[in-house]
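# Descriptive analysis of the structure
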Amino acid sequence: MLFTPHTLGSLRLPNRLVMAPMTRSRAYVAGIPSPLTALYYAQRASAGLIVTEGVQPSAVGQGYMNTPGLHTDEQVAGWREVTDAVHAAGGRIVAQIMHAGGVGHPDNTGHLPVAPSAVRLGEQIFTPAGLQDTPVAVELSTAEVEATVGDFAAAARRAVDAGFDGVELHGANGYLIHQFLSQNANLRDDRYGGSVEGRIRFAVETAKAVADEIGPSRVGIRLSPRNGAQGLVEEDAHEVYPALVSELAGLDLVYLHLLATGGAELDARIRDLWPNTLIVNDPTATDPAASAEERLRWGAHLVALGKSFLANPDLPVRLRVGAPLNEADLSTAFGGDHRGYTDYPTLALHPAVA
């Protein structure tokens, strides 16, 4: 099933393998992707779909060092080189729009992180001076929350201008959208907090604004129920996520990208509520091919893989022929030059099959 085509909006995907979003921290200081970034993604164009690393929708949305943005003309021009390279190689690529929220440090960004509430998220973060404690975030005012919704929509428009085939909203892994869903990160008493309806409001309004801006057939969203990233607590996930997914389903977004962290019952409930394409990323998988086939039988339409794509530019071919996989060197995962980024060998160059 992995190597059968799938229609995603206006895109015809040649296989069911999705390159999962992975932060690589190799952008220029101004958040502009480098020429190496274009090569990195173009090398992986045989994926059915590529989802980029998280891209901040505004300067205040940045959390980590050297991550790319989509809020200046220079960044759009840099991303245009990336999308042109991927399309020339026959690929399809969407930009993951990621606001880090309360996960950040002034040494990385020049500003304190902002979040639903004035709490400290995570424990430590890499900075130019090494690991440092994360600060208490600045609480967004109601007006600032509404403005942030607009930032996501503007970034989505810039993504289309940069040649992307669509966008994915990062509502997972402890970042801003996820923070609004959480009981311990969202302590607000306005319309964006308190009840389940209040805590899902930011995610729904953001998805609607982005869909209105570029069309729902170009918009997906990633969710990771109960994964506890950045110290988030979601004891009522069984209430929050069915309510959220039901609202999102009404917007007719083209896909839901589910990180399978909610447990079997909740994951299945989300699957059953979602009417369009479902992408599943199983973080516990040890055998990429076997896990992918199992998830397709479970009900996923597409399967996202991360580290396997990081180390294997030609992963679909390797899985199809049963070739050995390169091991990812995680010491080069974040920051640096071409090493561990664009120098992984393809199948023809692999010593085991040369």
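Everything discussed here concerns the structure shown above.
Throughout what follows, the structure given in this document is the object of discussion. Since we're looking at a predicted model, the values are computed, not measured.

Cut-offs used in this document
- Residues numbered from 1 in each chain as written.
- Predicted model: local features only at pLDDT ≥ 70, side-chain atom pairs only at ≥ 80, totals over all residues.
- Heavy atoms only, no water.
- Buried < 20%, exposed > 50% of the residue type's maximum accessible area, 1.4 Å probe, protein only.
- Helix = DSSP H or I, 4+ residues; strand = E, 2+ residues; numbered from the N terminus.
- Pairing = 2+ DSSP bridges.
- Right-handed = clockwise from strand over helix to strand, strands pointing away.
- Expected span 1.5 Å × (residues − 1).
- Contact = heavy atoms within 4.5 Å.
- Salt bridge = Lys/Arg side-chain N within 4 Å of Asp/Glu carboxyl O.

### Description of the pairing of strand β5 (residues 93–97)
Of all five residues in β5, five are buried; the element is thus mostly enclosed. When strand β4 (residues 49–55) meets β5, the two strands line up parallel, connected through four bridges. Following the sheet pairing, V55 is matched in β5 by I97. Once you follow β4 into helix α2 (residues 73–88) and on to β5, the crossover reads as right-handed. Bridge count between β5 and strand β10 (residues 167–171): three bridges; the pairing is parallel. Within β10, the residue paired with I97 across the bridge is L169.

### Some remarks on α2
Compared with an ideal rise of 1.5 Å per residue, which puts 16 residues at 22 Å, α2 spans 22 Å between its outermost C-alpha atoms and is within 8% of the ideal. Buried-residue contacts for α2 involve α1 (35–43), β4, β5 and α4 (142–161). G90 sits one or two residues past α2 and shows a positive phi near 90 degrees.

### A few points about the pattern of salt bridges
Scanning all chains against the criterion turns up 12 salt bridges. With a closest N to O distance of 3.7 Å, R120 and D133 form a salt bridge. One end of the pair, R120, is in the loop between β6 (114–115) and β7 (124–127); the other, D133, is in strand β8 (residues 130–133), with 13 residues separating them in the sequence. Residue class for D133 comes out partly exposed when judged on its relative accessible area of 46%. Here D190 ties to R188 by a salt bridge, and the two come within 2.7 Å at their closest N and O atoms. The exposure class assigned to R188 is buried, which follows from its relative accessible area of 6%.

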